[in-house]
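Examining the three-dimensional arrangement
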Amino acid sequence: MKQLLRTLAPILVVGLLGGWMLAAQAESLDTIIIDKGYDKQTKIAVVPFLQGADLNGAPPLADIISADLARSGQFAPLEQGNMLSYPTDRKQVFFRDWRILGVEYLLIGRGRANGRGGFTVDYQLFDVFNEREVVAAAVSPSADQWRSAAHQIADKVYESITGIRGAFNTKIVYVLGENAAKSNATYALEIADADGAQARNLFLSDQPIMSPTWAPDGQQVAYVSFETGRPAIMLQNIKTGAREQLTAFKGINSSPVFSPDGKQIAMVLSRDGNPEIYVMSLADRRLRRITRHHSIDTEPSWSPDGKHLLFTSDRGGKPQIYQLDMANNFVERLTFEGDYNARARMLEDGKHLIFVHRRNGVFHIAWMDIERDDVRVLTSTSLDESPSLAPNGSMLIYATQSQGKGILAVVSMDGRVKYRLPSSAGDVREPAWSPYMGDLGTR
Amino acid sequence: MIRIFNTALRHVALGTLVGASFSLSACAVAAVPVEESTGRGAATAVQPLAQPASGGVSTARLSELYFQLQTLQQEVQDLRGLVEEQAHQLSRLRKDQKSQYLDLDRRMQGVAGVARSSGGATRAPARTPTQATNPGVGQPALRDGELYVPVPGSDSGSNAGTDPGANNPQPAANSGAADAKERKAYSDAIGLMKARQFDQSILAFNRLVVDYPGGSYNGHAFYWLGELYLAKSNDAKARQQFVQVIDLYPNHAKVPDALYKIGVVYHRQGDKDRALQYLNRVRGEFANSNAAKLAADYAKEMQ
């Protein structure tokens, strides 16, 4: 069951369907499932949705939904070729047929144009064993929200069956670098669906772009750009593309991260001579210096309650993760295993961390139970960096190297499910997983 | 390989360079108001040293002082790291000591309780109610004439209920070197299973059972062998192992689970009647156990 290498048909309908997706498609990321992990996967049949003649060009919703569920590692979608029938309506469903195939859940649906320029997709999820309807719902996407609609249906299915909110209808941003360190180098800040599809460019520069990070409302990203010849922290709206420069101090301007309420940004500045953590209030742009130490303090991140800042510091001789209480500036060291622990992110429960951990000279992404001091290495790749959590905390995306190229990879929080998102275009680095993007409405 | 710290340092260098040539624009940007928070660590002033240079201190002397300062800073950093680690170890040790004491206390109470209930005369290996209702984890109980204290696992797995590490048997307090070896063999086998090396794990469990006939881990070993064969879809062998548990260790904490699994295996093999027979047996004999709940659900699904 290990190393089960299987390429899920990278749904390549780009180009053919101009109207179906945003124009100016960049090179999307492919998905390759490396390790599905779980022995007991829920068997689900996602029957091809009824898509009328006016929807002929649209990517099949069922394919996108199946691929989403398969990537979670918790589902084993039935191959469409093995289905005995393709019901699109409750009346056409014969549960006995599906029981014979060992299917536990069945998803059917229908998509149609709603006459107002948009579409309506309604769908039903059945529990085959109990011959019971679990979910019946509808979603109304516009043409460019077609894939989001599929992801949203996958979210709903995932949540109904596992009890955990799905994170398929989310985005990732990342930095795509081409011809790095050459005179014709380009750096692109890209945004794509969480499955790597529909990549598009947010910002293009011939100077490096670093550390993209999401605002909690999912509307803005902050990042470091060297476009002026030196690092500056920029803020950009992902819908309008409007950009704004937040800082450009002498020296380091790096690692911006939004506070959970979105009102502040923690960052690293060396304006006073040494890299220290600062917090900027977005309302009045006032800066507050948080750390004060002659060693390097960097890579801040917030605890989910916004009351603590985690950061990496070598004040103890080696890079380790520290936690600072914003109320009284009390600093506490959190990591003790190994001589390199950095770039921590805290899970929503406030009790666990993920971070970059060096073990036997190799950089991995690790998970830690703070209370029990229990460290587990999640990744089997090397040179792993920049872990970023999915909003539901079930998986994390990180950057790693494969055949000398930077690629993105995803691993579940127990290390069992792994997949990769390589890019054919260039080196991809520094991914950041978006918060929940909000559901599409029903009309 | 570009690592954060290297990058950071490179940026400092870059920043200083660029900063020098663009000092005008830097001033303009630096007009943003800054509030200083009251930090705990005292500020180390490097800059003031530069001022008195004109006041008579030689450059050589100055650079020597600077070198000393750097050495001191590094030294303090290393010492700080050491203190942090030792403070951490100390608090760990205190926690461990406390939990060891609580564990000992529990065992003592268990012994006292058993002595009372059996009149202090015979140590009959009777099945205690706690053992039946709470398989695997919980109160101390007598098994094979020995005190058996299951310790809730220190494993922090998200699936604590089914994690094999969560209910490892702990041998009696008077364990010698042989017991330690046996325990190691058992935990190695468990480790292999957790690492999903099922074949090696099967070998290891089989070796354990052969090497330590009558050993205190054998009940568990047979149970996990059953689970391993199930994972490999070898139903017949799986059933054999589960039957070993209930035949050889009728008072074992894993009996309800083994009964349930036998039911499952029979169902997988298509023998519905036998399956129900075993599932009902768990529900009847160990009504309050987790396995009974699972059996009830499974029986319902089978119908």
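Quick look at the overall build of chain A
Within chain A, the secondary structure is distributed over 3 helices and 32 strands. Relative to its 443 residues, chain A shows a buried fraction of 49%.

Details of the overall build of chain B
Scanning chain B from N- to C-terminus turns up 11 helices and 3 strands. Split into buried and exposed, the 303 residues of chain B put 25% on the buried side. The long-range share in chain B, meaning contacts at least 24 apart out of those at least 6 apart in sequence, stands at 44%.

Describing the environment of T291(A)
All names here are of chain A. With respect to the element layout, T291 can be found in the loop between β19 (287-289) and β20 (297-302). T291 sits in the buried class, given 27 other C-beta atoms within 10 Å. Taking the C-alpha atoms as reference points, T291 and V268, separated by 23 residues in sequence, lie 9.8 Å from one another.

Quick word on the confidence of the model for chain A
Here chain A averages 88 in pLDDT, while 92% of its residues score no lower than 70. Low confidence marks residues 1-25 of chain A, where pLDDT is under 50. Its contacts with residues over four positions away, or in another chain, come to 35 contacts.

Things to note about the nonpolar core
Across soluble globular proteins, nonpolar side chains have a tendency to be buried as a group. All names here are of chain A. Of all hydrophobic cores here, the largest spans 119 residues; its most connected members are I65, Y105, L106, L107, I153, L396 and L408. Two domains each put at least three residues into this core: domain 1 (41-162) and domain 2 (171-433). Contact partners of I65, with chain neighbours within four places excluded, come to V46, L107, A150, I153 and A154.

Concerning the pairing of strand β12 (residues 209-214) of chain A
Counting buried positions along β12(A) yields 6 of 6 residues, so the element is predominantly enclosed. Two successive antiparallel strands, β12(A) and strand β13 (residues 220-225) of chain A, enclose a turn made up of 5 residues, where G218(A) displays a positive phi of approximately 70 degrees.

Remarks on the sheet that holds strand β9 (residues 171-178) of chain A
All names here are of chain A. With antiparallel pairing, the 4 strands of this open sheet are ordered in space as β11-β10-β9-β32. Of all strands in the sheet, those bounded by a partner on one side alone are β11 (200-205) and β32 (427-433). Between one strand axis and the next, the sheet turns by 20 degrees as a mean value, whatever way the strands run. Taken together, the 5 bridges between strand β10 (residues 186-193) and β11 define a ladder with antiparallel strand orientation.

Quick notes on the sheet that holds strand β23 (residues 331-333) of chain A
Residues and elements named next belong to chain A. Strand order across the open sheet formed by 4 strands is β20-β21-β22-β23, with antiparallel pairing between neighbours. The strands lining the two open edges of the sheet, one partner per strand, are β20 and β23. Here the strands of the sheet are splayed against their neighbours by 30 degrees on average, with no regard to which way each runs. Bridge analysis of strand β22 (residues 320-325) against β23 gives 3 bridges, and the strand direction is antiparallel. In the sheet register, L324 faces β23, and the bridge partner there is V331.

Things to note about the confidence of the model for chain B
Residues and elements named next belong to chain B. Chain-level statistics for chain B give a pLDDT mean of 70 and a share of 60% at 70 or above. Considering only residues more than four positions removed or in separate chains, one finds that residues 38-50, a stretch of pLDDT under 50, has 13 contacts. Overall fold confidence for the complex sits at a pTM of 0.66, while the interface term, ipTM, reaches 0.72.

Thoughts on the environment of G316(A)
Its place among the elements puts G316(A) in the loop between β21 (308-313) and β22. Given 20 C-beta atoms within 10 Å, G316(A) falls into the buried group. C-alpha separation for the pair G316(A) and R333(A), spaced 17 residues apart in sequence, amounts to 9.2 Å. Here G316(A) is in contact with R333(A), Q77(B), R80(B), G81(B) and E84(B), once residues within four sequence places are set aside.

Re helix α10 (residues 272-285) of chain B
All names here are of chain B. Along its 14 residues, α10 runs 20 Å from first to last C-alpha, staying within 8% of the 20 Å computed at 1.5 Å per residue. For α10, the set of buried residues is A275, Y278, L279, V282 and R283. End-on view of α10: buried residues confined to an arc of 140 degrees, all on one side of the axis. In α10, the exposed positions angled more than 90 degrees off the buried face are occupied by D273 and G284. Where α10 is buried, its residues contact α9 (255-268) and α11 (290-302).

Concerning the packing of α9(B) against α10(B)
Residue and element names in this part refer to chain B. α10 packs onto α9 with a crossing angle of 165 degrees between their chain directions and a minimal axis gap of 7 Å. As summarised for this structure, α9 and α10 are arranged roughly antiparallel, according to the angle between their axes. Between α9 and α10 lies a crossing whose hand is left-handed. Listed contacts from α10 to P256, L259, Y260, I262, G263, Y266 and H267 of α9 are K272, R274, A275, Y278, L279, R281 and V282. Taken together, the residues of the contact of α9 with α10 sort by class into 9 nonpolar, 2 polar and 3 charged.

As for α11(B)
Residues and elements named next belong to chain B. Helix length check: α11, at 13 residues, gives a terminal C-alpha distance of 18 Å against a target of 18 Å (1.5 Å per residue), a fit within 8%. Every buried residue of α11 is listed here: A291, A292 and A295. Take α11 and look down its axis: the buried residues cluster within an arc of 95 degrees, on one side only. Turned more than 90 degrees off the buried face of α11, the exposed positions are D297, K300 and E301. The elements touched by buried residues of α11 are α9 and α10.

Rules and cut-offs
Residues numbered from 1 in each chain as written. Chains lettered and ligands numbered in written order. Predicted model: local features only at pLDDT ≥ 70, side-chain atom pairs only at ≥ 80, totals over all residues. Helix = DSSP H or I, 4+ residues; strand = E, 2+ residues; numbered from the N terminus. Buried ≥ 20, exposed ≤ 12 C-beta atoms within 10 Å, placed from the backbone. Contact = placed C-beta atoms within 7 Å. pLDDT = per-residue confidence, 0-100. Core = buried A, V, L, I, M, F, W, Y, C linked by C-beta atoms within 7 Å. Domains from an automatic or database assignment. Pairing = 2+ DSSP bridges. Axes fitted to C-alpha atoms, helices over the stretch in contact; angles between N-to-C directions. Expected span 1.5 Å × (residues − 1). Arc of directions from axis to C-beta. Parallel < 35°, antiparallel > 145°, perpendicular 65-115°, else oblique. Left-handed = near helix turned anticlockwise from the far one by under 90°. Nonpolar A, V, L, I, M, F, W, Y, C, P; charged D, E, K, R; others polar.

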